[in-house]
Amino acid sequence: MKPTKLFEPLVLRGLTLKNRIVISPMCQHSAESNKPGAWHTVHLGAFSSGGAGLVLVESTAVTASGRIGINDLGLWDDEQMKAFRPIIAFAHSQGAAIGVQLSHAGRKAGSQPLWQGGRALTLAELDATGQSWRRIGPSAISAGPGWSVPDEMMTPEIDEVIAAFVAAIRRADEAEFDVVELHFAHGYLVASFLSPVSNKRTDAYGGATENRMRLAVEVAKACRNVWPQRKPLFVRISAVDGADGGWTLDESVILARALRDVGVDVIDCSSGGLTEETRQANVPRGLGFQVPFADRIRRDAGVMTQAVGVILDGRQAEAILAEGKADLVAIGRQALFDPFWALHAAQSLGVDPEFALWPKQYGCWLAKRAPMLARLETGADH
């Protein structure tokens, strides 16, 4: 096998990833009573058998009113936790590690699935579901047109959110997830505390950078304290939030150092999303457009990073790692296009010419066919 950085194992505390390829958490809005069902079994199972070292389950709410969408996954009760176990067991049977992204949507709770338009649901529409919904945030500032003004959180409510993250991460451990990623990006609750655009508080959770990042550090510290020391903890951030006068890359370096100091192992470097208007603002899209964020935070904060954003093939991913710009690469929509992305990357890099990395049920057939294809390509049969 040809040596590469992409297919070099990575040790994270007591976990060894077989390669540096991560499947990004991607909302499916397809949970059954906020539990994984048939869709998630197949969706996540395909990635687990597709060769990635780590598969991250999409944004999973720590409270019912913290869901991004009505049909999103949750981990606020034990029945939800039990429903994940068969999916986790299958991932392990394929040699993949599996993690879950824990989140609270805050002022961006309650929206349509993307295929229905993705707009914010009105308060009347949320009430009509008969479920418990309440948008909350650091200040009474909406997430943009169409979003209701959230309730400004009092200190006891902040403590309740921290406790909800702790309860959810305990369930993640009991379910036997290998990794937890805390979602502090894209304008959801913790991200809204970070940005001076959405956080106008004058107490200990507002004002200076250190105060605005207090909730992030407190959640991470509380979760690290109950998450087993042998298991790695990731945090996803928006390295810049896309808003004029908003959260900056320099502040992300400061936050990454603080998170490192409370036991966070990897910073997953995304961007934007403070409001709907900032999803694509200020960060020109292009191949690997967010890699510079991972590079800067890795160098200046002294913490491992995960690069994400229009990483399309194995050669591009290998270059990112070989140049020392990140420790892991996360594949999102390209993995939806090709669930076997990791295995195809191994082929393109010359790592697995005999299909040994493929599931045995597939690899034996592909290896048997390979000599015939080689003859056809060289014209040896003519």
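None of the values given here were measured: they were computed from a predicted structure.

Draft legend 1. Region of interest: the overall build of the protein chain. What the protein chain contains, in helices and strands, is 13 helices and twelve strands. Projected onto the principal axes, the alpha-carbon positions of the protein chain cover approximately 75 × 45 × 40 Å. Long-range pairs, those at least 24 residues apart, make up 71% of the contacts in the protein chain between residues at least 6 apart in sequence. Total accessible area on the protein chain is roughly 15,700 Å²; 55% of this is exposed by carbon and sulfur atoms.

Draft legend 2. Broad picture of helix 4 (residues 155–175). Spanning 21 residues, helix 4 covers 31 Å between terminal C-alpha atoms, matching the ideal 30 Å at 1.5 Å per step. Along helix 4, the residues classified as buried are Glu157, Ile158, Val161, Ile162, Ala164, Phe165, Val166, Ala168, Ile169, Arg171, Ala172 and Ala175.

Draft legend 3. Local environment of the pairing of strand 12 (residues 328–331). Burial of strand 12 is two-sided: the residues Leu328 and Ala330 facing one way and the residues Val329 and Ile331 facing the other way are all buried. Across three bridges, strand 11 (residues 304–308) lies against strand 12 in parallel orientation. Across the sheet, the residue bridging to Gln306 is Leu328, located in strand 12. Handedness of the β-α-β unit built from strand 11, helix 10 (residues 314–322) and strand 12 comes out right-handed.

Draft legend 4. Geometry of the packing of helix 10 against helix 12 (residues 341–348). Relative to each other, helix 10 and helix 12 sit at 80°, their axes nearing to 9 Å. Of the possible angle classes, the one that applies to helix 10 and helix 12 is roughly perpendicular. In contact with Gly314, Arg315 and Ala317 of helix 10, helix 12 contributes Trp341, Ala345 and Ser348. Class assignment of the residues belonging to the contact of helix 10 with helix 12 gives a composition of three nonpolar, two polar and one charged.

Draft legend 5. Structural detail: the packing of aromatic side chains. For the coordinates displayed, the defined rule picks out five aromatic pairs. Of the aromatic side chains, those joined through ring pairs into one cluster are Phe340, Phe355, Trp358 and Tyr362. Over the aromatic face of Tyr188 sits the side chain of Lys108, whose NZ or CZ is 4.9 Å from the ring centroid.

Draft legend 6. Representation of the sheet that holds strand 12. Around the barrel, eight strands lie side by side as 3-4-5-8-9-10-11-12; this closed barrel has parallel pairing. On average, each strand axis in the sheet is inclined to that of its neighbour by 25°, with strand direction left out of account. Pairing of strand 3 (residues 21–23) with strand 4 (residues 54–61) involves two bridges; the strand directions are parallel. What sits directly across from Val22, in strand 4, is Leu54. Together, strand 8 (179–184) and strand 9 (233–238) form the strand contacts of helix 7 (residues 214–226), whose direction differs from that of strand 8 by roughly 165°.

The rules behind each value
Residues numbered from 1 in each chain as written. Predicted model: local features only at pLDDT ≥ 70, side-chain atom pairs only at ≥ 80, totals over all residues. Heavy atoms only, no water. Helix = DSSP H or I, 4+ residues; strand = E, 2+ residues; numbered from the N terminus. Contact = heavy atoms within 4.5 Å. Areas by Shrake-Rupley, 256 points an atom, 1.4 Å probe, with all protein chains shown as cover. Expected span 1.5 Å × (residues − 1). Buried < 20%, exposed > 50% of the residue type's maximum accessible area, 1.4 Å probe, protein only. Pairing = 2+ DSSP bridges. Right-handed = clockwise from strand over helix to strand, strands pointing away. Axes fitted to C-alpha atoms, helices over the stretch in contact; angles between N-to-C directions. Parallel < 35°, antiparallel > 145°, perpendicular 65-115°, else oblique. Nonpolar A, V, L, I, M, F, W, Y, C, P; charged D, E, K, R; others polar. Phe/Tyr/Trp six-rings, centres within 6.5 Å; stacked < 30°, edge-to-face > 60°. Lys NZ or Arg CZ within 6 Å of the ring centre and 35° of its normal.

The quantities given are spatial measurements derived from coordinates; they are silent on function.
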